[in-house]
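Observations on the model geometry
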Amino acid sequence: NRTAKTLQRECDAVVVAGIGGSYLGARMVIDALANTFGWLQESKYPRILFAGNNIGEDYLSELIGYLKTVSFGIINISKSGTTTETAITFRLLKTLCEQQRGKEEAAKVIVAVTDAKRGAARVTADKEGYKSFIIPDNVGGRFSVLTPVGLLPIAVAGFDIAALVKGAQDMEAQTAPEVPFMEHPAAVYAAIRNALYQDGKKIEILANYQPKLHNLGEWWKQLYGESEGKDGKGIFPASVDLTTDLHSMGQWIQDGERTIFETVVSVEQPNTCLEVPSDEENLDGLNFLAGRRIDEVNKMAELGTKLAHVDGGVPNIRLSITKLDEYHIGQLIYMFERACGISGLLLEVNPFDQPGVEAYKKNMFALLCKPGCEAETEAIKARL
């Protein structure tokens, strides 16, 4: 929290440089908790931006153009410091920050979240005197949102990381090995999805009816895809935002190939109250909804969709959380992570490694003629 307060005090914006699990968890939590239009309002907290997750030249150029107009800091998240997307981005950000503030002052607003002892990011942090936090050796990136990887950006955004961790701790107790199976949400979820997989349901669609949970789907897809997609096995994770995507993907879900099942994350209580107004002319025919909560309409859309999809041959799992706050999101994160481990073991794969991730990097470096990759370069040229 002390480091978060320094960045809050010194920066109009903070860029989180990281890819995959190094940013998706933090982005998911911040987007779920933040005012959707908060960037239009005065705020005592910096604007949190995410970069280092792509190699788009236009994206990075536009980001640099914006950062030239504000005071900014950097949270560089990389265990090795050599991940291509993040390393290129950090070079650009570090150069600009030092140009704006000078090397000594820039070092006060650049934070490294990296390995305890090894890697380029660790060497740079020690050399430049950056404040640093450790990525635990036994925690893979996609499981790291409840470590400094996620907690620091979330704290900088002004949210209560103690409540987030408390929610996770309470869910840890609810999913302990001694808890009976039918009272163990993670075990039940893992068992049901594996039973459906064995029954030919190869695709799981994570659905939500709350726009703030869009990036829950992005985080969840990495968590389950990277953990289970190996050895020729694994449920394919997809996600939709409903009711929005009922007007695009809805037809396929309702009537397409019956290889899918749906997991719906439902939020029981909205944080605000808004009612449908009455209209004198009633041209849209919706006056029968006047005075009723928007959330009631949304919940009936959810229930109606569930009934339609089940009738259409799509099994449904419903996971509900009480409200969108730090505590309940912490519970949801831990439940999904614990269930992911159980599910991978039921599938008889190692849910904690990711050997396939390196394949594209090997080809990319060969195509870029990286020193030491000459043999791979020649082999790829022969294929093209």
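An account of the accompanying structure is given in this report. Numbering of residues begins from 1 in every chain and follows the order in which that chain's sequence is written. Selection of residues for local features in this predicted model requires a pLDDT of at least 70, selection of side-chain atom pairs for listing and counting requires 80 or more, and totals for whole chains, interfaces and linings are taken over all residues. For the side-chain quantities, the full set of heavy atoms in the structure was used; hydrogens and water were omitted.

1. With respect to the sheet that holds strand β3 (residues 72-77)
The condition is simple: DSSP calls a pair of strands paired once it identifies at least 2 bridges connecting them. Comment: elements are numbered from the N terminus, with helices defined as DSSP H or I runs of at least four residues and strands as E runs of at least two. What counts as an axis is a line fitted to C-alpha atoms, over the stretch in contact for a helix, and the angles between N-to-C directions run from 0 to 180 degrees. The criterion used for residue contact is that any of the two residues' heavy atoms lie within 4.5 Å.
Ordered by their spatial adjacency, five strands build an open sheet running β2-β1-β3-β4-β5, and the pairing between neighbours is parallel. In this open sheet, the two strands that pair with only one neighbour each are β2 (47-51) and β5 (131-134). Within the sheet, the average angular offset between the axes of one strand and its neighbour, ignoring direction, is 20 degrees. Along the sheet, helix α6 (residues 120-128) contacts β3, β4 (110-114) and β5; its crossing angle with β5, the most-contacted strand, is approximately 145 degrees.

2. Focus: α6
A turn of α-helix holds 3.6 residues, and therefore any two residues three or four places apart point the same way. Rules: Note on exposure labels: buried denotes an accessible area under 20% of the residue type's maximum, exposed denotes more than 50%, and partly exposed covers the range between, all computed with a 1.4 Å probe on protein chains only. Along the arc lie the directions from the helix axis toward the C-beta atoms.
Regarding α6, the residues found buried are A121, R122, A125 and E128. Projection of α6 onto a plane perpendicular to its axis shows the buried side chains occupying an angular sector of 150 degrees, all on one side. Exposed residues pointing more than 90 degrees away from the buried face of α6 are listed as V123, D126 and K127. Looking at the buried residues of α6, the elements they touch are β3, α4 (84-101), α5 (103-106), β4 and β5. Looking at the residues trailing α6, positive phi occurs at G129, about 80 degrees.

3. Here we look at the sheet that holds strand β7 (residues 236-241)
If you walk across this open sheet you meet the four strands as β7-β6-β8-β9, and the pairing is parallel. The sheet is open, and its two edges are formed by β7 and β9 (316-323), each paired on a single side. Ignoring strand direction, the axes of neighbouring strands in this sheet form an average angle of 20 degrees. As defined by bridge partners, strand β6 (residues 203-208) adjoins strand β8 (residues 260-269) across six bridges and the pair is classed as parallel. Bridge assignment links L206 to a residue of β8, and that residue is T263. Along the sheet face, helix α13 (residues 326-346) touches β6, β8 and β9 and points at about 150 degrees away from the line of β9.

4. Thoughts on the packing of aromatic side chains
The geometry of an aromatic ring pair comes down to the distance between the two centres and the angle between the two planes. The line we're drawing: The rule is short: rings of Phe, Tyr and Trp, with Trp giving its six-membered ring, pair when the centres are within 6.5 Å, and they are stacked under 30 degrees, edge-to-face over 60, tilted in between.
In total, this model carries seven aromatic pairs according to the counting rule given. With a centroid separation of 5.6 Å and an interplanar angle of 40 degrees, the aromatic rings of W220 and Y224 are classed as tilted. Of this pair, W220 and Y224 both sit in helix α10 (residues 214-228), separated by four residues, roughly a single helical turn. A relative accessible area of 0% means that W220 is categorised as buried.

5. Comments concerning the nonpolar core
Keep this limit in mind: Residues belong to one nonpolar core when they are buried, are Ala, Val, Leu, Ile, Met, Phe, Trp, Tyr or Cys, and are joined through side-chain atoms within 4.5 Å.
Core analysis: the largest hydrophobic core is formed by 86 residues, its most contacted members being F72, W219 and F336. In terms of residues, this core owes the most to one element, α13, which gives eight residues. Those residues in contact with F72, other than ones at most four positions away along the chain, are C11, A13, V15, L67, L93, L96, C97, Q100, R101 and V109. Grouped together as the second largest cluster of nonpolar side chains are ten residues, A207, Y209, A238 and I253 included.

6. Quick notes on unusual backbone geometry
The peptide bond linking L242 to T243 adopts the cis configuration, its omega dihedral lying at 10 degrees. Relative to the helices and strands, T243 resides in the loop between β7 and α11 (250-255). Residues other than glycine seldom take positive phi values, yet D231 does so here, at roughly 60 degrees. With respect to the secondary-structure elements, D231 resides in the loop between α10 and β7. By relative accessible area, D231 is classed as exposed at 62%. In this structure, N282 takes a positive phi of about 55 degrees despite not being glycine. Tracing the backbone through its elements, the reader meets N282 in the loop between β8 and α12 (294-311).

7. Considering the pattern of salt bridges
Convention followed: Take a side-chain nitrogen of Lys or Arg and a carboxyl oxygen of Asp or Glu: if they are within 4 Å of each other, that pair is a salt bridge.
All chains considered together, the criterion is met by 20 salt bridges. In this structure, the salt-bridge partner of E98 is K103, at a minimum N-O distance of 3.3 Å. Through salt bridges that share partners, K94, E98, K103 and E128 make up one connected network.

8. Quick word on the packing of helix α3 (residues 57-67) against α4
The condition that has to hold: Angle categories: roughly parallel below 35 degrees, roughly antiparallel above 145, roughly perpendicular from 65 to 115, and oblique for all the rest. For any pair of crossing helices, the crossing counts as left-handed if the nearer helix is rotated counterclockwise from the farther one by less than a right angle, and right-handed if it is rotated clockwise. Note that Gly is not counted as nonpolar here; it falls among the polar residues with everything else outside the nonpolar set of Ala, Val, Leu, Ile, Met, Phe, Trp, Tyr, Cys and Pro and the charged set of Asp, Glu, Lys and Arg.
The N-to-C vectors of α3 and α4 enclose an angle of 20 degrees; their axes lie 11 Å apart at closest approach. Here α3 is positioned roughly parallel relative to α4, judged by the angle of their axes. Handedness of the α3/α4 crossing: right-handed. When α3 is examined against α4, the residues L60, L63, I64 and L67 are found in contact with a partner set consisting of T89, L92, L93, L96 and Q100. Of the residues assigned to the contact of α3 with α4, the class counts are seven nonpolar, two polar and no charged.

9. Quick notes on the packing of helix α14 (residues 358-367) against helix α15 (residues 374-383)
Packing of α14 against α15 leaves a shortest axis separation of 8 Å and a crossing angle of 90 degrees. Between α14 and α15, the interaxial angle falls into the category roughly perpendicular. Residues K362, N363, A366 and L367 of α14 touch α15, and the partners they reach there are E376, T377 and I380. Across the contact of α14 with α15, the residue classes break down as three nonpolar, two polar and two charged.

10. Let's talk about the side chain of K201
Quick reminder of the rule: Neither His nor the chain ends is counted toward charge; the positive residues are Lys and Arg and the negative residues Asp and Glu. Polar contacts, as counted here, are pairs of nitrogen or oxygen atoms within 3.5 Å of one another; within protein the pair requires one atom able to donate a hydrogen and one able to accept it, and residues that are adjacent in sequence qualify only if both atoms are side-chain atoms.
Within the secondary structure, K201 sits in the loop between α9 (185-198) and β6. No salt bridge is formed by the buried K201. Its closest oppositely charged neighbour is D199, at 6.1 Å. Engagement of the side chain of K201 in a polar contact is seen with the backbone oxygen of G313, the distance being 3.4 Å. For K201, the residues in contact, after removing those within four places along its chain, are L196, R258, T259, I260, F261, G313 and P315.

11. Here's the deal with the side chain of E326
With respect to the secondary-structure elements, E326 resides in helix α13. An unpaired buried charge is present at E326: no salt bridge exists, and K323, the closest side chain of opposite charge, is 8.6 Å distant. Here E326 is in contact with L33, F159, D160, A163 and L164, once residues within four sequence places are set aside.

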